Structure formats: C-alpha cells, structure tokens
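# Structural overview for review
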Amino acid sequence: WELADKAVRATEVRASWESRVMLFVSAFLVLFTTAAIVLRERDSARRQRTMFLTDPLTGGSNLEGFYREASRAIAAAPPSTYLVVYTNIVHFRFINDSFGRAAGDELIMRLFEIYRESCDGLCARADSDHFVLLVKNDPLALRALCEKVDAELREAEDLHFTGTLSCNYGVCEADDSEASVASMVSDAALVLKAGVMDGGVACFTEAFRAKLSSEMEIVQGAGAALAREEFQMYLQPQIDVRTGALTGAECLCRWQSGALGFMQPDAFIPAFERSGLISDLDFYMLEHVCRAYPLAMPGGQGRALPVSVNFSRPTVLQDGFVERFLETVRRYGVPPEAIEVEITEGAFMVDEAVVISALSVLRAAGFRIAMDDFGSGFSSLSLLRRLPIQVLKLDKEFLREGAEADRTKLILSDIVSMAKHLGMRIVCEGVETAEHVELLGRIGCDTAQGFYYSRPIDLDSFRRKYLA
Ligand code: C2E
Ligand code: CA
Ligand code: CA
C-alpha cells in the first residue's frame, strides 16, 4: 500500500508539473502569436499609411501627405506666414507626346529633386506635372526660387529639351486660419490656370476672386442665352491687297446679353472654353453663318465667298465634332467652299494627331482650313508641312511690332514666301494703316483683314456696305 501510495503521489506530482509546463507553453505560444500578429498589423498599417501619403514616382509626399504636413505648419504659425504654391511645367504634354512618357517621368523626378534642394519649406507632387510647395511669405524669395528652378532646368542638358523648359506658379497666401489647405491648393491651381502671369507667377487676389464670380455669372447664364439666341454674328471683311476687292469674311461673335449687356468675345470666350460651353457656341455660330447663306456672301456667277468660322480647341477635340459639323452644313445645303474652318495655332500643339485627323476629313470634304494667329505660338516649318491647312492667318502682333522695323519686315516676308511655296494663301490680320497695306503688297501677302478696311460689323451693315 505504501508503495502504491508513493507511485500515485509521484504520478500526481508529475502530472501537475506536466500540466503546469503545458499551461506555461500554451500561454507563451498564445502571447507570442498575438504579439506577432499585432506587430505585423502595425507594420502593414504603417506601410499602408506611408503608401497613402507617398508619391510612387518621386518617393516624396503626395498631395494627401502635403495636406497633413502643411496643415500642421500653418496651424502652428501666425496667419500669412506661408504661401501655398501650385506649379506646372510649361507645355508638359507636348514634352510627353514628343519625347515619350519615360522622358516625362524622368523630368518630373529631376524637378522634384530640384524643388527639394532649392525650397526651404515643404514640397510634394500633386499629380502629373504639378507640384505643391509651402514656402515663407516672401515674394522676393519666391521669385528667386522660380529663377533658380528655371536655371537648373536650363542646365539639365541630359533632358534633351534644354532651353525650352520652364515652370509656372500659382500662389495663394495662407491668410485664413479657417480655410483648409485643400482649398488653398485649389485656389493656387485656379489662379495658375486662369490668372494673369507676371514672370511665370500668378497670385490669387481679391480682383481674381471677383473675376471668378463674374465668370460664374457668365457661365450660368450661357445656356439660356444660347436658347434665346442672344449671340450675334458680326462679320469682318477680308480684302485683296492689290485690287481692294472683297474676298471673304470672318465671323466674330458678340453677346447682347439681357442680364450683362453687350459683350465682346474676349469677355466671355475664355470662360466658355474653360467650362466646356464653347462647342455649343461654335456650332451656334456655324449655324448662323449657314442660315445667312447665300445672302451673306454671294460671290457672283453662282459662287459664294467663304465665311470663316472660329472653332476652339475643345470643340475640335470633342467626340463627334466632324459628324456634327458635316450634319449642320448639309442641313442648310451650304456648299463646302462657302465655309472656312479657323483654328488657332495653339490648338495643334497638343493632341496634334486628333486635330489633324478631324481637319483632314473636313478638308477632304471640300472645306478650307485656316490656321489662325500664326506666329503667336510655337509653330515650326515641319509642323506646317504636316497640317491639312490651306490658309495661314498672320497674327496681328506682327504689325503691332512696327511695320517698319527691319526684323519684322524680314520675318513677315520670309513667312509669306515660305507659305506660298507650301501652296498656302496668306491673310494678314490687324491691318490698321495705309503703310501696313503698302508693306503687305511689297512682300506679296494676298489678303488683309483689319480696322483699315472695316471693324467687325453686323450682318445688315455688312450687306449694305459690301453687297448692295
Ligand atoms: P481672332 O479670331 O484673332 O479675331 C480677330 C480679332 O482681332 C477680332 O477681335 C477683331 O475684332 C480684331 N481685329 C480685327 N482687325 C483688327 C485691327 O486692325 N486691329 C486690332 N487691334 N484688332 C483687330 P474680336 O472680335 O474681339 O475677337 C476676339 C477673339 O475672340 C477672336 O480672335 C477669336 O479668337 C475669339 N472669337 C470670336 N468669335 C468666336 C467664335 O465664334 N468662336 C470662337 N471659338 N472664338 C471666337
Ligand atoms: Ca479668328
Ligand atoms: Ca486671329
């Protein structure tokens, strides 16, 4: 019995020892696993948070990261300590399209490095070619930063496009402690897009805010104004320089607004272009030109003189532009030679292929295509060769530079002979004096348009003056 008792006690002791060890091991395992899970979760949350705040291309902060860091900095300082700056690369899309996406990405990464080294405050990439900066409210220091960045870009020879690279800046003062950083960035982006640039910098001011609200008023009233037909077609004659005969006219829009009074196109076309309303206006004008046919421009012997109609870039890029155009003209039975399609030089700079393909269809259908404001942008000879245009309209700034300036005369005369070699007709805009007419005659420019002959006038006055 004694032996049996001992054996039982020994077994009990062992069993209790074993169960304690088991308990300890299980507790350790549970603790270890829980700790591992918690650490992993924390690590992945931290990684996710970093990813959420990091720009994958530059490895620096993204817009969300900028919002957080900038909010902290602005809240910790008195109002107006900082400026929020929104930047872009001038003609970035052109660079991307011409040199490829990889070159575009390389440029963005380099620019980020330049900003990080040159800027004392915060810097982050917002999207595409846009960066956001938070810098001290010191306009001179900002100007110096802009110049430094431009100089560094110019010196970056390995980026292929030295000399053509520069940045623009929209600036908003962080003076309202109630406003969010997101709204300051949005204001800086707005002023960059639509503000007045001074040396590449546009500042969000009270005057700009007032302009925005008047633009809003214009845009809000536009739909009803189109329906009420408040827009009017004005015509400006185009004249043969040698004979003085009428060769065509340009249709220019005026708005007799019930609410806002009589307006010139410069007061509303930019707002229409920004808001996407422009295509409705452009087609409205085309329709009015068609309705006036053939009374507007009978050229004699059953021919009609062409009326040129302005089409903005957003209109040409819109899906279905060509179909809508052809349908409109056919609906009124107007022959293609009576309509000239006028597109500004700048419209060819981006989405060149889309613009060329749309215009090629119209040209094949018999419409004349004119490049407006030639010389105001970056057109090159090789670009001209590729474009389906028959008419080159010289920008009026050529004559503003002084018709007698030797350089201008040389440039004008070279452009005219070049265009003639390419088989194009040339119309010079902004002809205001007899000296201008004489100069154009000397260098062989066919056609002139300008106040010297007539300002744009309404249809009735035009008929009375030219067709009676
Ligand atoms: P634009 O197409 O370059 O039209 C020529 C502008 O120059 C017209 O201004 C015309 O009045 C002005 N101009 C004509 N001759 C002279 C001159 O001898 N000297 C000076 N200093 N200026 C002259 P307007 O009518 O105010 O039109 C301004 C711009 O608005 C046009 O420039 C065009 O880009 C745009 N626009 C006008 N109507 C339409 C339209 O129906 N659709 C679109 N998309 N844009 C339009
Ligand atoms: Ca024009
Ligand atoms: Ca023009």
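Residues numbered from 1 in each chain as written. Chains lettered and ligands numbered in written order. Predicted model: local features only at pLDDT ≥ 70, side-chain atom pairs only at ≥ 80, totals over all residues. Heavy atoms only, no water.

Turning to the coordination of the calcium ion (ligand 3), a few remarks are in order. Donor atoms from the polypeptide that bind the calcium ion (ligand 3) are Asp-372 (OD), Asp-373 (OD), Glu-429 (OE) and Glu-429 (OE), placed at 2.2 to 2.5 Å. Counting gaps between the donor residues of the calcium ion (ligand 3) yields the pattern D-D-x55-E. Taken as a pair, the calcium ion (ligand 3) and the calcium ion (ligand 2) show a spacing of 4.0 Å, with Asp-372 coordinating each metal. Linking Asp-373 in strand S13 (residues 368-374) with Glu-429 in the loop between strand S15 (425-428) and helix H16 (434-443), this pair joins segments that are 56 residues apart in sequence. (Donors = N, O, S within 2.8 Å, 3.2 Å for Na, K, Ca; no water. Helix = DSSP H or I, 4+ residues; strand = E, 2+ residues; numbered from the N terminus.)

With that settled, consider the coordination of the calcium ion (ligand 2). Six octahedrally arranged donors around a metal ideally form angles of 90 or 180 degrees; four tetrahedrally arranged donors ideally form angles of 109.5 degrees. The protein atoms that coordinate the calcium ion (ligand 2) are Glu-250 (OE), Asn-310 (OD1), Glu-342 (OE) and Asp-372 (OD), at distances of 2.1 to 2.3 Å. Sequence spacing of the donors to the calcium ion (ligand 2): E-x59-N-x31-E-x29-D. Given the relative accessible area of 1%, Glu-342 is considered buried. (Buried < 20%, exposed > 50% of the residue type's maximum accessible area, 1.4 Å probe, protein only.)

Turning our eyes to something else, we now look at the side chain of Gln-449. Tracing the backbone shows Gln-449 in the loop between strand S16 (447-448) and strand S17 (457-458). A relative accessible area of 2% means that Gln-449 is categorised as buried. A polar contact is formed between the side chain of Gln-449 and the side chain of Lys-393, at a distance of 2.9 Å. Filtering out sequence-adjacent residues up to four positions away, Gln-449 remains in contact with Gln-236, Pro-237, Gln-238, Glu-250, Lys-393, Val-427, Cys-428, Glu-429, Gly-430 and Val-431. (Polar contact = N/O pair within 3.5 Å; in protein donor to acceptor, adjacent residues only side chain to side chain. Contact = heavy atoms within 4.5 Å.)

This part is about the nonpolar core. Judged by nonpolar contacts, the single largest core of 83 residues is most densely connected at Phe-231, Phe-268, Phe-272, Leu-281, Phe-325 and Leu-392. Looking at this core, the element that brings in the most residues is helix H9 (residues 278-292), giving nine residues. Contacts of Phe-325, omitting those with residues within four sequence positions, involve Phe-283, Leu-286, Phe-311, Ile-339, Val-341, Leu-362 and Phe-367. Counting residues in each nonpolar core, the second largest holds 28 residues, with Leu-107, Cys-123, Cys-146 and Val-149 among its members. (Core = buried A, V, L, I, M, F, W, Y, C linked by side-chain atoms within 4.5 Å.)

Turning our eyes to something else, we now look at the packing of aromatic side chains. One pass over the full model with this rule turns up 20 aromatic pairs. Seen in terms of ring centroids, Tyr-115 and Phe-131 are 5.3 Å apart; in terms of plane orientation they differ by 55°. Their pairing is tilted. Here Phe-131 lies in strand S3 (residues 130-136) and Tyr-115 lies in helix H4 (residues 101-118), a separation of 16 residues in the sequence. By relative accessible area, which is 0% here, Phe-131 ends up buried. Look at Phe-283 and Phe-311: their rings are 5.9 Å apart centre to centre, the planes differ by 65°, and that puts the pair in the edge-to-face class. Within this pair, whereas Phe-283 is found in helix H9, its partner Phe-311 is found in the loop between strand S11 (307-310) and helix H10 (313-317), the two being separated by 28 residues in sequence. (Phe/Tyr/Trp six-rings, centres within 6.5 Å; stacked < 30°, edge-to-face > 60°.)

Now for the sheet that holds strand S5 (residues 201-203). Pairing is mixed across the open sheet formed by five strands, whose spatial order is S2-S3-S1-S4-S5. Each having just a single partner strand, strand S2 (122-127) and S5 make up the two edges of the open sheet. Mean inter-strand twist for the sheet, computed between neighbouring axes without regard to direction, equals 25°. One ladder, built from seven bridges, connects strand S1 (residues 82-89) with strand S4 (residues 167-173); its direction is antiparallel. Following the sheet pairing, Asn-88 is matched in S4 by Asn-168. Along the sheet, H4 makes contact with S1, S2, S3 and S4, crossing S3 at roughly 5°. (Pairing = 2+ DSSP bridges. Axes fitted to C-alpha atoms, helices over the stretch in contact; angles between N-to-C directions.)

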